[in-house]
Amino acid sequence: MANFIIIGLCILAGILFRKSKTLPKDAHKGINAWIIYIALPAASFKYLPHIVWTKELLFPALAPACVWLFGWLFVTVYSRSQKLSKATTGGLKLTSALSNTSFLGFPLIAAYFTEKDQAIAIICDQATFMLLSTIGIVVAIRSSQSQKLSTGLVFKKLLTFPPLIGCILALTLPHFINISPLESLFEKLAGTVGPLALFSIGLQLRFGGWFGELKHISIALLYKLILAPTVILTIAMFLGLSGTITQITIFEMAMPTLVTAGVVADQYNLNPKLANLVVGVGIILAFMTTALWWLVLTYSGLV
């Protein structure tokens, strides 16, 4: 219960600070920079060196790709039936098929499961960010046509992404040097992810004009909050998978839209108003839908 109170208070604090105009308009960008450049790489160093790698960990690594693939197909069919513009279609693809595996995922996993289970969540998170940094950027560029698509641009976006760099270093450096003296530092830095991410979310939440976009928002969140985790649950049951790794993976895929996906949609002018509404409304609804998914996972026989 304490974790849920902290989650709510962090988001509420962000909303109140935004409304009071105490902080600069783009204060969330500085907070997000800390999370992306410092806190998330530190989380990789905190958890990844201690993971015992098995073939079971392929499931959390590949699940985000499955969610993306089915989300891409889902939005493509919907957009063609509604004759949506390329920009709106691209924005819906980004906000429907990428999960908030860290900013909201980490705190909720700590609340519903244990903090140690975040090690599994990090694998989902790195796979999600790789999708955003590669296929997501390709979709954004093709949908906006404001920037020429090139292989070099995609690789540059991928190879300069701090969480990915942190993940690679966390997996390789411990084999060559002893990083144990820095573990307490990594723990403290990683501990800032949850509260700062939730506070940043509160600063960015916008709900104005949501009624006019209700149909598109509903379709995007129907897939993101209900159908996407259902797909992963079905795959797990088909393959006979069970245990904590499977539970955490499905729970991560039940998270609302990745906040950074909304940022990318805004950068490439992919109907940013709709993208931000999907992010904001999704976060609020996710507090109810993730509770339902926790019940499903607890009583589904996947333990």
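In this report, we go over the structure that sits alongside the text. (Residues numbered from 1 in each chain as written. Predicted model: local features only at pLDDT ≥ 70, side-chain atom pairs only at ≥ 80, totals over all residues. Heavy atoms only, no water.)

1. Some details on the overall build of the chain
Heads up, the condition is: Helix numbering and strand numbering both begin at the N terminus, where a helix is a DSSP run of H or I of at least 4 residues and a strand a DSSP run of E of at least 2. In this setup the radius of gyration rests on C-alpha atoms only. A globule is expected at 2.2 Å times the number of residues raised to 0.38. With a 1.4 Å probe rolled over the protein chains alone, any residue whose accessible area is under 20% of its type maximum counts as buried; one over 50% counts as exposed, and the rest are partly exposed. Whether two residues are in contact is decided by their heavy atoms: any pair within 4.5 Å suffices. Method for areas: the Shrake-Rupley scheme with a 1.4 Å probe, in which residue coverage is limited to the protein chains shown. Counted charges follow a simple rule, with Lys and Arg positive, Asp and Glu negative, and His plus the chain ends left uncounted. Positions of charges follow a simple convention, taking NZ of Lys, CZ of Arg, CG of Asp or CD of Glu.
The number of helices and strands found in the chain is 14 helices and zero strands. Shown N-terminal to C-terminal, the secondary structure of the chain runs as helices and strands in the order α-α-α-α-α-α-α-α-α-α-α-α-α-α. A globule of 303 residues ought to have a C-alpha radius of gyration of about 19 Å, and the chain, at 18 Å, matches this closely. C-alpha extents for the chain along the principal axes are approximately 55 × 50 × 45 Å. Out of the 303 residues belonging to the chain, those deemed buried represent 52%. Contacts spanning at least 24 positions in sequence make up 87% of the contacts within the chain whose residues lie at least 6 apart. Looking at the chain as shown, the accessible area adds up to about 14200 Å², and 69% of this sits on carbon and sulfur atoms. The chain carries 21 positive and 10 negative side-chain charges, and their two centres are separated by 15 Å.

2. With respect to the packing of aromatic side chains
Definition in use: Side-chain rings of Phe, Tyr and Trp, where Trp is taken by its six-membered ring, are said to pair if the distance between their centres is within 6.5 Å; with planes under 30 degrees apart they count as stacked, over 60 as edge-to-face, and otherwise as tilted.
Per the stated rule, a full pass over the model turns up six aromatic pairs. When the ring of Tyr 112 is compared with that of Phe 251, the centres are 5.3 Å apart and the planes differ by 65°; the resulting orientation is edge-to-face. Residue Tyr 112 is located in helix α5 (residues 105–112), and its partner Phe 251 is located in helix α12 (residues 244–253); the two are separated by 139 residues in the primary sequence. Owing to a relative accessible area of 17%, Tyr 112 belongs among the buried residues under this scheme.

3. Comments concerning the packing of helix α2 (residues 27–47) against helix α10 (residues 193–204)
So the rule is basically this: A fitted line through C-alpha atoms serves as each axis, taken over the contacting stretch for helices, and the angle formed by two N-to-C directions is quoted from 0 to 180°. Convention used here: angles under 35 degrees read as roughly parallel, angles over 145 as roughly antiparallel, angles from 65 to 115 as roughly perpendicular, and any remaining angle as oblique. In a left-handed crossing the near helix is turned counterclockwise from the far helix by less than a right angle, and in a right-handed crossing that turn is clockwise.
Here α2 crosses α10 at 155°, and the two axes come no closer than 9 Å. Here α2 lies roughly antiparallel to α10, going by the angle between them. Between α2 and α10 lies a crossing whose hand is left-handed. On the side of α2, the interface is formed by Ala 27, His 28, Ile 31, Asn 32, Trp 34, Ile 35, Ala 39 and Leu 40, while α10 contributes Val 193, Leu 196, Ala 197, Phe 199, Ser 200, Leu 203 and Gln 204.

4. So, the packing of helix α6 (residues 118–144) against α12
Close contact between α6 and α12 brings their axes to 9 Å; oriented N to C, the two are set at 50°. Comparing the axis directions of α6 and α12 gives the class oblique. Crossing handedness for the pair α6 and α12: right-handed. Side by side, α6 and α12 meet where Ile 120, Ala 121 and Cys 124 of the first sit next to Thr 244, Ile 245, Ile 248, Thr 249, Glu 252 and Met 253 of the second.

5. Overview of the side chain of Lys 93
Note the following rule: Here a salt bridge means any side-chain nitrogen of Lys or Arg lying within 4 Å of a carboxyl oxygen belonging to Asp or Glu.
Note on placement: Lys 93 falls in helix α4 (residues 86–96). Notably, Lys 93 is buried but unbridged: the nearest opposite-charge side chain belongs to Glu 213, and the N-O separation is 17 Å. Contacts of Lys 93, omitting those with residues within four sequence positions, involve Trp 68, Trp 72, Val 75, Thr 76 and Val 139.

6. A short note on the layout of surface pockets
What counts is decided by this rule: Cavities and pockets are found on a 1 Å grid laid over the protein atoms alone: a cavity is a set of points where a 1.4 Å probe fits but cannot escape, a pocket is an open set with protein on both sides within 12 Å along at least five of seven lines, and a lining residue has an atom within 4 Å of such a point. Grid points are joined across faces, edges and corners, and a volume is the space filled by probe spheres set on the points. For this classification, Asp, Glu, Lys and Arg are treated as charged, while Ala, Val, Leu, Ile, Met, Phe, Trp, Tyr, Cys and Pro are nonpolar and the rest, including Gly, are polar.
Of the pockets and cavities examined, the largest pocket occupies roughly 1000 Å³. In terms of lining residues, the largest pocket is bounded by 32 residues, among which Asn 32, Thr 260, Val 263, Val 264 and Gln 267 are the most central. Only α2, α6, α10, α13 (259–267) and α14 (272–298) provide two or more residues apiece to the lining of the largest pocket. In terms of residue count, α13 provides more of the lining of the largest pocket than any other element does, seven residues in total. The class makeup of the residues in the lining of the largest pocket is 16 nonpolar, ten polar and six charged.

7. Quick notes on the environment of Val 138
On the secondary structure map, Val 138 appears in helix α6. According to the relative accessible area criterion, Val 138 is partly exposed, its value standing at 23%. Note: C-alpha distance between Val 138 and Gly 90 (48 residues apart in sequence) is 9.9 Å.

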